[in-house]
Every structure is written in C-alpha cells, then in structure tokens.
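Report on the structure
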Amino acid sequence: DAGVIQSPRHEVTEMGQEVTLRCKPISGHDYLFWYRQTMMRGLELLIYFNNNVPIDDSGMPEDRFSAKMPNASFSTLKIQPSEPRDSAVYFCASSPSRYQGFAFFGQGTRLTVV
Amino acid sequence: GEDVEQSLFLSVREGDSSVINCTYTDSSSTYLYWYKQEPGAGLQLLTYIFSNMDMKQDQRLTVLLNKKDKHLSLRIADTQTGDSAIYFCAESIGGGSYIPTFGRGTSLIVHP
C-alpha cells in the first residue's frame, strides 16, 4: 500500500477563494482524521470519520470549513471562503478499526492564503 | 492547561543519549504514543506503551512510564543526526474511543 495520499502537497491561494484538499486513506482503515498544524496551536484535530460517517466535527474552526467522505477511499476538506489565518499544514490520517491511536499520516498539504 | 505537555526544544550532541519528556493529565489513559515528524513529512508512529507497563525497549528507543506522576519519557541512545525531528507525545483514553490527544511536539536538534 502506498500509504495515506494527500493532494495537493502545496497550495497558494488568494483570500476569498475556495480551497479543496484531498485525501486517500489506506485501504481497509475504518477511521479517517483531518488535522491542522500551526506553530501557534500545534496539531489540532478538526474532524474524524468512522466508516465514512462524520463522528466528531467539534474541532472545525467555523462554518467556512466542511469535510466529506463520499466513499471509503476518498475524503475532502473544503474551505470557502479562505482567509490568511487558515494558512497551515493540513494532515489527513487513517487508522484501523478501534485502535485509532495507531494512525498513519499523509505527507500533508501546506496551504498559504495571501 | 493542555492535556499533554512537552518542552519545545532539545539540543544534544551526536552520540549522546536524548531524553524527551512528556506529562499528561488523564489518569485513565490507556495507550501512550511517541510519534516522529521529519521535516516536510507527516507524523510517523515511533513506538507506544500500554498503561499497564512501566517500560518498553525497542533497539535504541526506551520508553518509561510513571503513572503516579503521569510522566512519559522517550530515551534515544547513541543519537544520530538522522534523529533530528519533532517528537510528539500522545495519549488515548479508551472506553470505546481511542482518539489520541497530541502534545505540541519537542524539536530535537542533533549537532556534530
């Protein structure tokens, strides 16, 4: 397996534009997580899914953020409209059923909003 | 305060031992983990320990758990320049959900 695959690796966009980040989890993993990493706040859990169903989105900063998982092999995190304070590295991770701490992370998407 | 706390930086000389420390607040933690993040990469699970263990050794890595003080440490023997990275401590509680809570990470700098 190629691991968790995220795209794009880097994204530079202008304030107000829509941004879509993509993730392909490891096949067979039941849990998918979206994290955001910044110098100020460290690693924050935004949302996680179990069997494609969103379980906890309490970490999503505001309504501008939305996440979907239409099937077991694909998830998106969308920001609309984007703001400079959304600049961060966004990680997707997946883990096998129940042992969510044993997570496998993608390489991340570095988002810069100017 | 934060649930999992770590110091932000540690600098060691190549060949010395590194000890990265972590404190956590929830006494019902079931699993405790150490993740490693190399520059430009995602986090990678390095090792873990069950809460009913005191110590775990894996080649150059030694994990010590002091449940009374809620203190976890990671010792890297014979530290190499390739060990330079950010090390994250994480805990998960259990009880049906094992979602980990991460610390802020400790940047380990290894100099010749």
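These remarks concern the structure in this document. (Residues numbered from 1 in each chain as written. Chains lettered and ligands numbered in written order. Predicted model: local features only at pLDDT ≥ 70, side-chain atom pairs only at ≥ 80, totals over all residues. Heavy atoms only, no water.)

Overview of the overall build of chain A
Helix and strand counts for chain A come out as 0 helices and 11 strands. Secondary structure elements of chain A, listed N to C terminal, follow the sequence β-β-β-β-β-β-β-β-β-β-β. By the compact-globule yardstick of 13 Å for 114 residues, chain A fits well, its C-alpha radius of gyration being 13 Å. Principal axes of the C-alpha set define a box for chain A whose edges measure 40 × 25 × 25 Å. Considering only contacts in chain A between residues 6 or more positions apart, those separated by 24 or more positions represent 54%. For chain A, the exposed surface amounts to about 5,700 Å²; the carbon and sulfur share of it is 50%. Taking the 11 positively charged and 12 negatively charged side chains of chain A as two groups, their mean positions are separated by 4 Å. (Helix = DSSP H or I, 4+ residues; strand = E, 2+ residues; numbered from the N terminus. Rg over C-alpha atoms; globule rule 2.2 N^0.38 Å. Contact = heavy atoms within 4.5 Å. Areas by Shrake-Rupley, 256 points an atom, 1.4 Å probe, with all protein chains shown as cover. Lys, Arg positive; Asp, Glu negative; His and termini not counted. Charge placed at Lys NZ, Arg CZ, Asp CG, Glu CD.)

Observations regarding the environment of Glu5(B)
Residue and element names in this part refer to chain B. Along the polypeptide, Glu 5 turns up in strand β1 (residues 4-6). With relative accessibility at 42%, the residue Glu 5 sits in the partly exposed group. Dropping the residues within four chain positions of it, Glu 5 is found in contact with Asn 21, Cys 22 and Thr 23. (Buried < 20%, exposed > 50% of the residue type's maximum accessible area, 1.4 Å probe, protein only.)

Looking at the interface of chain B and chain A
Facing 18 residues of chain B, the contacting portion of chain A comprises 21 residues. Between chain B and chain A lies a buried interface of about 1,600 Å² when both sides are counted; carbon and sulfur atoms form 58% of it. On the chain B side of the contact with chain A, Tyr98(B), Ile99(B) and Arg104(B) bury the most area, a combined 33% of that side's loss. At the boundary of chain B and chain A, one finds 0 salt bridges. Where chain B touches chain A, the interface holds 5 residue pairs in polar contact (both at pLDDT 80 or more). (Buried area = accessible area lost by both parts, 1.4 Å probe. Salt bridge = Lys/Arg side-chain N within 4 Å of Asp/Glu carboxyl O. Polar contact = N/O pair within 3.5 Å; in protein donor to acceptor, adjacent residues only side chain to side chain.)

What about the sheet that holds strand β3 (residues 19-24) of chain A?
Residue and element names in this part refer to chain A. Strands sit in the order β1-β3-β8-β7 across an open sheet of 4 strands; the sheet is antiparallel. Two strands lie at the open edges of the sheet, namely β1 (5-7) and β7 (65-71), each paired on one side alone. Pairwise comparison of adjacent strand axes, ignoring direction, gives a mean angle of 15 degrees for this sheet. When β3 meets strand β8 (residues 74-79), the two strands line up antiparallel, connected through 5 bridges. Bridge pairing in β8 places Val 19 opposite Ile 79. (Pairing = 2+ DSSP bridges. Axes fitted to C-alpha atoms, helices over the stretch in contact; angles between N-to-C directions.)

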